[in-house]
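# Survey of secondary and tertiary structure
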Amino acid sequence: MEQILMCKTCDAELSYPLTTIDTVSEMERLCSFADETPVSPARHFLLMEGEVLAARMKRIPGWEPRSNAWLNLEDLRETVGFTPHTERLMGCCSISSGYGPNRVCQCGEHVGTQSSDCYEYRMLEPVPTATYWKNTKE
Ligand SMILES: [Zn+2]
C-alpha cells in the first residue's frame, strides 16, 4: 500500500503515491543523512514515528521533529508552489527551513516546510495541521 499527502483545506493531492519507510532497518538501508542530499529515495517517505523517531532522538539529544514525515522534494506534485511570504524563502545557498512553512497548496494553504540550504538535508516536512495521508487502493 502507498500513501498520498493531501491538503486538508481543499483535498488536493500534494504528492505522488509514496511508499512508507517506517523501520530503522529500512531507514538504514534506504535513507541518507547528509547536507544537500535527499533523505529518502524518490517515491518514498520517512515516517518520523515509532522506532524511527526514537532512533533520531537518541542520535540528536534534545531534538524534536517538526512533522511526522520527511518527503523527497521530487515527489511533490504541481499543486504545490512557493509561499508568497518571500522572507520565508531566504537561505544561504537555497531555501532554508528556518523561517516557517514555505510551500503552499494551490488553494493558498501553507502545507509544508522545505529544507534545501547548504547545511540541511533536502526534504519537505508537511504541516501536520494542514495535511493528511490518504491510502491508495489495495
Ligand atoms: Zn489546498
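Below, the structure is looked at part by part. Fair warning: this is a prediction, and the values are worked out from it, not measured in the lab.

For the rest of this paragraph, the subject is the overall build of the chain. When helices and strands are counted, the chain shows two helices and nine strands. Mapped in sequence order, the helices and strands of the chain form the string β-β-α-β-α-β-β-β-β-β-β. In the chain, buried positions account for 33% of the 138 residues. Here the analysis covers contacts within the chain between residues at least 6 apart in sequence; of these, 56% occur between residues at least 24 apart.

With that settled, the discussion passes to the environment of Cys 105. With respect to the secondary-structure elements, Cys 105 resides in strand E6 (residues 103-105). Residue Cys 105 is classed as buried on the basis of its C-beta count, with 24 C-beta atoms lying within 10 Å. Expressed as a C-alpha distance, the spacing of Cys 105 and Pro 128, which sit 23 residues apart in the sequence, is 14 Å. The contact partners of Cys 105, leaving out residues within four places of it in the chain, are Cys 7, Thr 9, Cys 10, Ala 12, Leu 14, Thr 79, Val 80 and Val 111.

Our focus in this paragraph is the nonpolar core. Core analysis: the biggest nonpolar cluster contains 21 residues, and Leu 14, Phe 45, Leu 46, Trp 70 and Leu 71 have the highest contact counts within it. Those elements giving two or more residues to this core turn out to be strand E1 (3-7), strand E3 (44-47), strand E4 (69-71), E6 and strand E8 (123-126). Those residues within four positions of Phe 45 in sequence are excluded, and the remaining contacts are Leu 18, Thr 20, Ile 21, Ser 40, Ala 69, Trp 70 and Leu 71.

Note that Ala 55 resides in helix H2 (residues 50-59). Owing to 13 C-beta atoms within 10 Å, Ala 55 belongs among the partly exposed residues under this scheme. For Ala 55 and Thr 23, which are 32 residues apart along the polypeptide, the C-alpha to C-alpha distance reads 9.8 Å.

Let us now look at the environment of Leu 89. Tracing the backbone shows Leu 89 in the loop between strand E5 (80-82) and E6. Judged by the 16 C-beta atoms lying within 10 Å of it, Leu 89 is partly exposed. For Leu 89 and Gln 114, which are 25 residues apart along the polypeptide, the C-alpha to C-alpha distance reads 9.1 Å. The contacts of Leu 89, once residues within four sequence positions are left out, are Phe 82, Thr 83, Ile 95 and Asn 102.

The subject of this paragraph is unusual backbone geometry. Residues apart from glycine generally show negative phi values, whereas peptide bonds are mostly found in trans. In this structure, Glu 36 takes a positive phi of about 60° despite not being glycine. Tracing the backbone shows Glu 36 in the loop between helix H1 (24-30) and E3. Within the chain, Arg 43 stands out as a residue other than glycine whose phi angle is a positive 70°. As for its placement among the helices and strands, Arg 43 is situated in the loop between H1 and E3. Residue classification places Arg 43 among the partly exposed residues on the basis of 14 C-beta atoms within 10 Å.

Cut-off values and rules
- Residues numbered from 1 in each chain as written.
- Predicted model: local features only at pLDDT ≥ 70, side-chain atom pairs only at ≥ 80, totals over all residues.
- Helix = DSSP H or I, 4+ residues; strand = E, 2+ residues; numbered from the N terminus.
- Buried ≥ 20, exposed ≤ 12 C-beta atoms within 10 Å, placed from the backbone.
- Contact = placed C-beta atoms within 7 Å.
- Core = buried A, V, L, I, M, F, W, Y, C linked by C-beta atoms within 7 Å.

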